[in-house]
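Listed below, chain by chain, are the residues.
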Protein chains: 2
Amino acid sequence: MTIRLTTILLTMLLAALIAGGDQPDSKLTGMPKPVYAEDGSLLRPDSYEEWMHVGTSLGLGYSEEAASDPPGSFQNVYIQREAYAHYQSTGRFPEKTMLALAIHQRRQKQSIARQGFFQGDLTALELAVKDSSRFPDGWAYFDFGAKTRDSAQPLPKDRCFSCHQKSAGDDNVFVQFYPVLRGVKAR
Amino acid sequence: MTIRLTTILLTMLLAALIAGGDQPDSKLTGMPKPVYAEDGSLLRPDSYEEWMHVGTSLGLGYSEEAASDPPGSFQNVYIQREAYAHYQSTGRFPEKTMLALAIHQRRQKQSIARQGFFQGDLTALELAVKDSSRFPDGWAYFDFGAKTRDSAQPLPKDRCFSCHQKSAGDDNVFVQFYPVLRGVKAR
């Protein structure tokens, strides 16, 4: 009995030591990774609201033509906390980086609000994923709709990729629009 | 030797079981707490951008009079992740809850942006703190300016408290304006 218990506890201790000693990669070990279905589609991540918020825009658009519903919708952008820490310390987005673009209704004049806008329901969730093992261009982009799609195939390159590759401030990411990413490399 | 090792491992196992079983408080143990100077002023928290983002507004105002600079500034709101988890599971904001209101410039037409607005530099940081051991009303409010003040005294009650007490959706917090807080109790 004592020997069996000792064996069990020793095994537990060994497991704890091994887990605790895995320092070099440990910062990225717990990072939520992209998960794919058998057909290669990306599964919708459910925890993106708990990731690190990098900034929010309202009605941001790149066309000279006026938007159809000025001033448009809110767009919250989130990145896995571990990917952010890695970017902050190395200046590089690690493989398996995900950026979530959560699009919310623009609401006004409810409750005591008389001026300005606040965020209503989610209307769409889009994902940018860096995964060179799957995407020859490094990054791919996905659209999950509001809460309608549990998985999504990569969007055609002309939907997001081309513009991100051409105009994003750093490695396909529009760091220039987001306070906590902008200037990381300069700091 | 075997008996001593068994004792050590048993002690470790017991400690692990106790720590693991201490569910009610353990979730709040690592929560960043408000820190006060000797004169009672609140020290500026430096990690608020890594807290949980609950929502963003633009130019939100409660007066019927038009804002002086429509559509105003962006306001990002963050809460400690542990306080959010506690609210989600119990419907109550725990003591030492902090909500940070980070006010950012509204910027437009930079880089490839032609429509809409994105976030510029931080212009002010305000804090709401729930700490009944210090504030008879439960909550107090603080203004740290842009990056000018390292500590702040509670604001007079007519600056923030009165309106929060009267019109906030739940326990002085304007949950009605923030997607991840709104409806937590209903869910």
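Provided above is the structure to which this section pertains.
Throughout what follows, the structure given in this document is the object of discussion. (Residues numbered from 1 in each chain as written. Chains lettered and ligands numbered in written order. Predicted model: local features only at pLDDT ≥ 70, side-chain atom pairs only at ≥ 80, totals over all residues. Heavy atoms only, no water.)

A separate point is the packing of aromatic side chains. Within this structure, the stated rule accounts for 18 aromatic pairs over all chains. Taken together, the ring pairs connect Tyr62, Phe174 and Phe177 of chain A together with Phe118 of chain B into an aromatic cluster. Of note, Arg106 of chain A hangs over the ring of Phe117 of chain A, and the distance from its end group to the ring centre comes to 5.5 Å. (Phe/Tyr/Trp six-rings, centres within 6.5 Å; stacked < 30°, edge-to-face > 60°. Lys NZ or Arg CZ within 6 Å of the ring centre and 35° of its normal.)

This part covers the side chain of Thr97 of chain A. Structurally, Thr97 of chain A can be placed in the loop between α3 (81–90) and β4 (98–107). Among the polar contacts made by the side chain of Thr97 of chain A, one reaches the main-chain carbonyl oxygen of Pro94 of chain A at a distance of 2.6 Å. (Helix = DSSP H or I, 4+ residues; strand = E, 2+ residues; numbered from the N terminus. Polar contact = N/O pair within 3.5 Å; in protein donor to acceptor, adjacent residues only side chain to side chain.)

Turning next to α3 of chain A. All names here are of chain A. Listing the buried residues of α3 in full gives Ala83, Tyr84 and Tyr87. One side of α3 carries all its buried residues, which in axial view fall inside an arc of 100°. Those residues of α3 hidden inside the fold are in contact with β2 (52–61) and β3 (74–79). Positioned one or two residues after α3, Gly91 has a phi angle of 75°, which is positive. (Buried < 20%, exposed > 50% of the residue type's maximum accessible area, 1.4 Å probe, protein only. Arc of directions from axis to C-beta. Contact = heavy atoms within 4.5 Å.)

In this section: the environment of Gly40 of chain A. All names here are of chain A. Along the polypeptide, Gly40 turns up in the loop between α2 (23–29) and β1 (42–43). Sequence spacing of Gly40 and Ser63 is 23 residues, and the spatial spacing of their C-alpha atoms is 32 Å. Setting aside residues no more than four positions away along its own chain, Gly40 makes contact with Arg134 and Gln153.

This paragraph deals with the relation of the copies chain B and chain A. For the pair chain B and chain A, the best superposition has an RMSD of 0.1 Å and corresponds to a rotation of 180° with a translation of 0.0 Å parallel to the axis. The transformation relating the two chain copies, once decomposed into turn and shift, fits a two-fold axis. (Least-squares fit on C-alpha atoms with pLDDT ≥ 70 in both.)

Residues and elements named next belong to chain A. Looking along the chain, the bond that leaves Pro70 and enters Pro71 is cis, with omega of -5°. With respect to the helices and strands, Pro71 occurs in the loop between β2 and β3. Phi is positive for Asp171, close to 50°, though the residue is something other than glycine. Along the polypeptide, Asp171 turns up in the segment after α4 (161–167).

As for its position among the elements, Ser57 of chain A is in strand β2. The residues touching Ser57 of chain A, leaving out its near neighbours within four places in the chain, are Ser73, Phe74 and Gln75 of chain A together with Phe74, Phe117 and Phe118 of chain B.

Before going further, it helps to examine the nonpolar core. Among the nonpolar cores identified, the biggest contains 32 residues, and Ile79, Trp139 and Leu181 of chain B are the most heavily contacted of them. Elements with a minimum of two residues in this core: β2 (52–61), β3 (74–79), α3 (81–90), β4 (98–107), β5 (115–130) and β6 (139–143) of chain B. Dropping the residues within four chain positions of it, Ile79 of chain B is found in contact with Trp51, Met52, Val54, Tyr84, Phe93, Thr97, Met98 and Leu99 of chain B. Within the second largest apolar cluster, 31 residues are counted, among which are Phe93, Ala128, Phe161 and Phe177 of chain A. (Core = buried A, V, L, I, M, F, W, Y, C linked by side-chain atoms within 4.5 Å.)

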